[in-house]
Amino acid sequence: MNTASPIIAIQALGFPWPTLDPFLFCVYHQDDYPPGDEAQGVPIAALKGRALGNDFAPKDGWRMYHGQHVPGFPRHPHRGFETVTLVRQGFVDHSDSMGATARFGQGDVQWMTAGRGVEHCEMFPLRQGTRPNPGELFQLWLNLPAAHKLAEPHFSMLWAHTIPRRRFVCAQGGETEVTLVAGALDGTHPPAPPPDSWAADARSDLAIWTLRMTPNARWTLPAAPAGVHRAIYSFSEGAAVQIAGHALHQPACVQLEAQAEVVLVNCGSSDAEFLYLQGRPIAEPVVQYGPFVMNNAAEIQQALHDYRNGLFGQWPWPSDAPVHPPQQERFARHADGRQEAPPTSP
């Protein structure tokens, strides 16, 4: 790029999306599921021709992922990092080997510290039996520093009503809405991350924001401290946007210099949306083997040994892909028995 530009690099978006330390992984799921059957799954007739158990082809506008009947990700392990799941449409049913369980969606965020090891499942129940079940979510993998890789597993629920949104109106009348999952903006602070998260360390300068810009909106992304990694993802199909004066007409990841303000403009006739990720790199060795992320090969071997020997907790659920009843509203029950729920459904 031009040396005067704050843009370091531009990459087209695929599946998953590119990330920078301290983020390990970013995926955007958008699925237009059909009406569900009595078990909140896809009707059997609609499953014909799919590679059930490993269905990542967007046939008919949706995927089953690793689900056989209900879409989603049945029982699987993690160690050494965190998952941050932002559910924009639809629902996720979570169950884990600590005995915790939840149903969340419609703007909620689950932030899970896998730490020393946990098994969990993430299923996408199709609660509506007479109309489509659109699903849309981001899942981020956020690394843990070596000192916290074996932390006690934990998850926090950031219910939609607790997540702040800031609105800015430009001189042309366009509006930008910024939703703050992590990282403060102009004195507005989101809920606290889990205690062992890199985001809980003041040195991390970590931010997870989503932005929605109406046509003609113009907004300036503030500068970040020196040494911070940051990227903005323009993901609206057909959007026409400018980032630091560079026109984009296709979904893309734009890596940005830390200490520069960056002007964003929606030049199109429909809303444009962005995901913004920022954080100081942990700058430690990363060795990954599937769902295990450690600092060296010996720690990966230890993770495999511990998992095979049942040290990731005991699975208390009747199947590897449990879902809650259709009438169950959003809630969470933690491993210590504590229960919580949002006051009302959006």
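All values reported here derive from a predicted model rather than from experimental measurement.

Caption draft 1: Representation of the pattern of salt bridges. Taken as a whole and judged by the stated rule, the model has 19 salt bridges. Its salt-bridge partner being arginine 88, residue glutamate 273 comes within 2.6 Å of it at the nearest N-O pair. Of this pair, glutamate 273 sits in strand β20 (residues 272-279) while arginine 88 sits in strand β4 (residues 81-89), placing them 185 residues apart in sequence. Since its relative accessible area comes to 13%, glutamate 273 is described here as buried. Residue arginine 167 is joined to glutamate 175 by a salt bridge in which the shortest nitrogen-to-oxygen separation is 3.9 Å. When salt bridges that share partners are traced, they join Arg88, Glu136, Arg212, Asp271 and Glu273 into one network.

Caption draft 2: Broad picture of the sheet that holds β4. An order of β2-β9-β4-β7-β10 is seen for the five strands of this open sheet, with the pairing classed as antiparallel. Here the strands that pair on one side only, and so sit at the sheet edges, are β2 (23-33) and β10 (154-158). Along the sheet, successive strands turn relative to each other by an average axial angle of 15°, direction set aside. As judged from the ten bridges shared by β2 and strand β9 (residues 133-143), these two strands associate in the antiparallel manner. Across the sheet, valine 27 pairs through a bridge with glutamine 139, a residue of β9.

Caption draft 3: Quick peek at the state of the cysteines. Using the criterion set out here, one finds zero disulfides in the structure. The thiol sulfur of cysteine 170 is not disulfide-bonded, and the nearest other cysteine sulfur, from cysteine 267, lies at 11 Å. Accessibility expressed as a relative area gives 13% for cysteine 170, which makes it buried.

Caption draft 4: How the structure looks around the sheet that holds strand β23 (residues 331-333). If you trace the six strands from one edge of the open sheet to the other, you get β3-β8-β5-β6-β23-β24, paired in antiparallel fashion. In this open sheet, the two edge strands, each paired with only one partner strand, are β3 (72-78) and β24 (339-340). Taken together, the five bridges between strand β5 (residues 91-96) and strand β6 (residues 101-105) define a ladder with antiparallel strand orientation. From the neighbouring strand, serine 95 faces β6, where its bridge partner is threonine 101.

Caption draft 5: Focus on the packing of aromatic side chains. Across all of its chains, the model carries 21 aromatic pairs by this definition. With centroids separated by 6.1 Å and ring planes inclined at 70°, the aromatic side chains of phenylalanine 73 and phenylalanine 124 adopt a geometry described as edge-to-face. Note that phenylalanine 73 is positioned in strand β3 and phenylalanine 124 in the loop between β8 (118-123) and β9, a separation of 51 residues in sequence. Judged by relative accessible area, which is 8%, phenylalanine 124 ranks as buried. Ring centres of phenylalanine 138 and phenylalanine 235 lie 5.3 Å apart, and the angle between their planes is 85°; this geometry places the pair in the edge-to-face category. In this pair, phenylalanine 138 is assigned in strand β9 and phenylalanine 235 in the loop between β15 (229-234) and β16 (241-243), connecting sequence segments 97 residues apart. On the accessibility criterion, phenylalanine 138 (0% relative accessible area) is buried. One aromatic cluster in this structure is built from Phe15, Phe56, Tyr65, Phe73 and Phe124. The side chain of arginine 50 reaches across the aromatic face of tryptophan 62, ending 3.5 Å from its centre.

Caption draft 6: Here's a closer look at the nonpolar core. With 27 residues, the main nonpolar core has Trp17, Trp111, Leu140, Leu206, Ile208 and Leu275 as its most contacted residues. Only β2, β4, β7 (109-113), β9, β12 (175-182), β15 and β20 provide two or more residues apiece to this core. Not counting the four nearest positions on each side in its chain, tryptophan 17 is found in contact with Cys26, Tyr28, Phe138, Tyr233, Phe235 and Leu275. By size, the runner-up hydrophobic cluster in this structure holds 25 residues, among which are Leu180, Leu211, Val254 and Tyr276.

Caption draft 7: Highlighting unusual backbone geometry. For the peptide bond that leads from phenylalanine 15 to proline 16, omega is 5°, which places it in the cis range. Examined against the element boundaries, proline 16 turns out to sit in the loop between β1 (7-12) and β2. Cis geometry is adopted by the peptide bond preceding proline 22, which originates at aspartate 21 and carries an omega value of 20°. Checked against the element boundaries, proline 22 lands in the loop between β1 and β2.

Caption draft 8: Spotlight on helix α1 (residues 297-308). With twelve residues, α1 ought to run about 16 Å at 1.5 Å a step, and its terminal C-alpha atoms sit 17 Å apart, in line with that. Ile300, Ala303, Leu304 and Asp306 are the residues of α1 that are buried. Seen along its axis, α1 keeps its buried residues to an arc of 165°; they face one direction. Looking at α1, the residues exposed on the side facing more than 90 degrees away from the buried face are Ala298, Gln301 and Arg308. In this fold, the buried residues of α1 make contact with β21 (287-289) and β22 (292-294). The N-cap residue of α1 is asparagine 296: its side-chain oxygen and the backbone nitrogen of alanine 298 are 3.2 Å apart. Glycine 310 sits one or two residues past α1 and shows a positive phi near 75°.

Definitions and cut-offs
Residues numbered from 1 in each chain as written. Predicted model: local features only at pLDDT ≥ 70, side-chain atom pairs only at ≥ 80, totals over all residues. Heavy atoms only, no water. Salt bridge = Lys/Arg side-chain N within 4 Å of Asp/Glu carboxyl O. Helix = DSSP H or I, 4+ residues; strand = E, 2+ residues; numbered from the N terminus. Buried < 20%, exposed > 50% of the residue type's maximum accessible area, 1.4 Å probe, protein only. Pairing = 2+ DSSP bridges. Axes fitted to C-alpha atoms, helices over the stretch in contact; angles between N-to-C directions. Disulfide = S-S within 2.5 Å. Phe/Tyr/Trp six-rings, centres within 6.5 Å; stacked < 30°, edge-to-face > 60°. Lys NZ or Arg CZ within 6 Å of the ring centre and 35° of its normal. Core = buried A, V, L, I, M, F, W, Y, C linked by side-chain atoms within 4.5 Å. Contact = heavy atoms within 4.5 Å. Expected span 1.5 Å × (residues − 1). Arc of directions from axis to C-beta. Polar contact = N/O pair within 3.5 Å; in protein donor to acceptor, adjacent residues only side chain to side chain.

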